[in-house]
Amino acid sequence: MNAPLSQQPVFRFAPSPNGQLHLGHALSAILNYDMARDLGGRFLLRTEDIDPARSTPEFEAGIYTDLAWLGLSWEMPVRRQSEHLDLYRQALGKLIDRGLAYPAFLTRGAIKAAVTDFEARGKTWPRDPDGAPLYPGDERRLSPAAQQRMLAGGKPHAWRLDMEKAIAELDAPLTWQETGEGPNGETGTVTADPAAWGDVVLSRSDAPSSYHLAVTLDDALQGVTHVVRGRDLYHATAVHRLLQRLLDLPEPVYRHHHLILGPDGRKLSKSNRDTGIAAFREAGKTPDDVRAMIL
Ligand code: GLU
């Protein structure tokens, strides 16, 4: 994985404190740490705690304990996304001012009902790469004045990217450099397909930034040159690349690594205590045992 010329490589591990770290997180953290060390780079830790309903101080403390036990060290202070909400709001404001984001008023329940209703007629509603239905609302067709009237009503809303308009702003093909591998073996220069995600959420009524917006801004702000993370986020990179272009942010190199699967063949979940790092520690395993299990 080559660093852009004459730049010190900057790696990061960016967990969300909404559960315990498991073997999959350990793999991401260790790969980032080892690559930073081998390339003479920096290793940063970022706490992605923008979702107040799911993030807890206990999970956050557990992450620091687990990573230190694994033998990793990182630069201080740790960036906590909840302390930078204004930054995300400002970036969202820029996209709104350019007419690239619109207020979306359908609740999750209403989205589900609309899709169920549509599919009851034997047709299939389009879904994003994670399997979630694309947004069925049509607020983006409203005039700015009509949007303002709805906003003035005070109804809770999300802000969504107008994907069609955003893509129309691109003046060159959207790609990224993949130094790992996508789900179908994609590597090298990969063509990004953000349209597959539809009008992605940029902020919610209960969280001032979405994952996509915060992760893109923070990677740029922290000077991250190499994004190393699980293959489950491979397709999301298309959205991150689009936001980078819209907000004039630098392009890191990406490496998506294999996922650690449970005995049932499925991706590990944070709620499964058995594969948690803490459980291995309590069972008397060593950090080297954990490394041997995943590397
Ligand atoms: N916070 C994300 C997670 O825990 C990872 C973000 C990233 O590496 O881009 O799944």
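Attention in this report is confined to the structure presented alongside it. Here the residue numbers are simple positions, counted from 1 along each chain's written sequence. Given that the model is predicted, a residue must reach a pLDDT of at least 70 before its local features are reported, and side-chain atom pairs must reach 80 or more before they are shown or counted; all residues, however, enter totals for whole chains, interfaces and linings. Water and hydrogen atoms were dropped before computing side-chain values, which therefore reflect all heavy atoms in the structure.

## What to know about the nonpolar core
Joining through side-chain atoms within 4.5 Å is the link that ties buried Ala, Val, Leu, Ile, Met, Phe, Trp, Tyr and Cys residues into a set, and such a set is a nonpolar core. Buried, partly exposed and exposed residues are distinguished by accessible area as a fraction of the type maximum, computed with a 1.4 Å probe on protein chains only: under 20%, between the cut-offs, and over 50%, respectively. Counting 34 residues, the largest nonpolar core has L95, L161, W176, L202, L242 and L246 as its most contacted members. Of all elements in the fold, only helix 3 (85-97), strand 5 (158-161), helix 6 (163-168), helix 7 (211-221) and helix 8 (236-246) reach the threshold of two or more residues within this core. Looking at this core, the element that brings in the most residues is helix 8, giving six residues. Formed by 27 residues, the second largest nonpolar core is a distinct cluster that contains L72, V78, L268 and I277. Each helix corresponds to a stretch of at least 4 residues labelled H or I by DSSP, and each strand to a stretch of at least 2 residues labelled E; elements are numbered beginning at the N terminus.

## Here we look at the sheet that holds strand 8 (residues 201-203)
Whether two strands pair depends on DSSP finding at least two bridges between them. Sheet architecture is open: three strands sit in the order 4-5-8, paired in antiparallel fashion. Edge positions in the open sheet fall to strand 4 (101-104) and strand 8, since each of these has one partner strand only. This sheet shows a mean twist of 40° between the axes of neighbouring strands, independent of strand direction. By the bridge criterion, two bridges tie strand 5 to strand 8 in an arrangement that is antiparallel. Inter-axis angles, ranging from 0 to 180 degrees, are taken between N-to-C directions of lines fitted to C-alpha atoms, where helices are fitted over the stretch in contact.

## Some points on the packing of helix 3 against helix 7
Where helix 3 meets helix 7, the closest approach of the two axes is 10 Å, and the angle between their N-to-C directions is 105°. With respect to helix 7, the axis of helix 3 lies roughly perpendicular. Where helix 3 abuts helix 7, its residues L87, Y88, A91 and L92 lie against L213, A214, L217, D218 and L221. An angle below 35 degrees is treated as roughly parallel, one above 145 as roughly antiparallel, one from 65 to 115 as roughly perpendicular, and anything else as oblique. The contact criterion used is simple: two residues touch if any of their non-hydrogen atoms lie within 4.5 Å.

## Let's talk about the site of the ligand
Any residue with a non-hydrogen atom lying within 4 Å of a molecule or strand is treated as near it. Taken together, the neighbourhood of the ligand is formed by R12, A14, P15, S16, E48, Y211, V215, R229 and L233. Between the ligand and the protein, one listed contact pairs an oxygen atom with a side-chain N or O atom of R12 at 2.7 Å. Residue S16 places a side-chain N or O atom 2.9 Å away from a nitrogen atom belonging to the ligand. The fraction of the free accessible surface of the ligand (300 Å²) that becomes covered by protein chains is 80%. Amino acids are sorted into nonpolar (Ala, Val, Leu, Ile, Met, Phe, Trp, Tyr, Cys and Pro), charged (Asp, Glu, Lys and Arg) and polar (every other residue, Gly among them). Its residues assigned to classes, the shell around the ligand comprises five nonpolar, one polar and three charged. Two N or O atoms count as a polar contact when they lie within 3.5 Å, although within protein this holds only if one can serve as hydrogen donor and the other as acceptor, and sequence-adjacent residues are included solely when both atoms are side-chain atoms. Areas reported here follow the Shrake-Rupley algorithm with a probe of radius 1.4 Å; residue values treat only the protein chains shown as occluding.

## A few points about the pattern of salt bridges
Definition used for salt bridges: Asp or Glu carboxyl oxygen within 4 Å of a side-chain nitrogen of Lys or Arg. All told, the structure shown has 22 salt bridges when counted by the stated rule. R80 is the partner of E60 in a salt bridge, and the nearest nitrogen-oxygen pair spans 2.8 Å. Taken as a pair, E60 in helix 2 (residues 57-69) and R80 in strand 3 (residues 79-80) lie far apart in primary sequence, 20 residues in all. Given a relative accessible area of 10%, E60 falls into the buried group. The exposure class of R80 is partly exposed, given its relative accessible area of 25%. Sharing partners across several salt bridges, the network here consists of R12, R46, E48, R79, D218 and D219.

## Topic: unusual backbone geometry
Generally, phi is negative for residues other than glycine and the peptide bonds are trans, each holding for most cases. Of the consecutive residues M76 and P77, the connecting peptide bond is found in the cis state with omega at -5°. Its location among the elements puts P77 in the loop between helix 2 and strand 3. In this structure, D248 is a non-glycine residue whose phi angle is positive, near 60°. Considering the arrangement of structural elements, one finds D248 in the loop between helix 8 and strand 10 (253-257).

## Notes on the pairing of strand 1 (residues 10-13)
In strand 1, alternate side chains face the same way, and those of V10 and R12 on one face and F11 and F13 on the other are all buried. Examined bridge by bridge, strand 1 and strand 2 (residues 42-47) share four bridges and lie parallel to one another. In the sheet register, F13 faces strand 2, and the bridge partner there is L45. Seen with the strands pointing away from the viewer, any crossover whose path from the first strand over the helix to the second strand runs clockwise is right-handed. Where the polypeptide runs from strand 1 across helix 1 (residues 23-38) and back to strand 2, its parallel neighbour, the crossover connection is right-handed.

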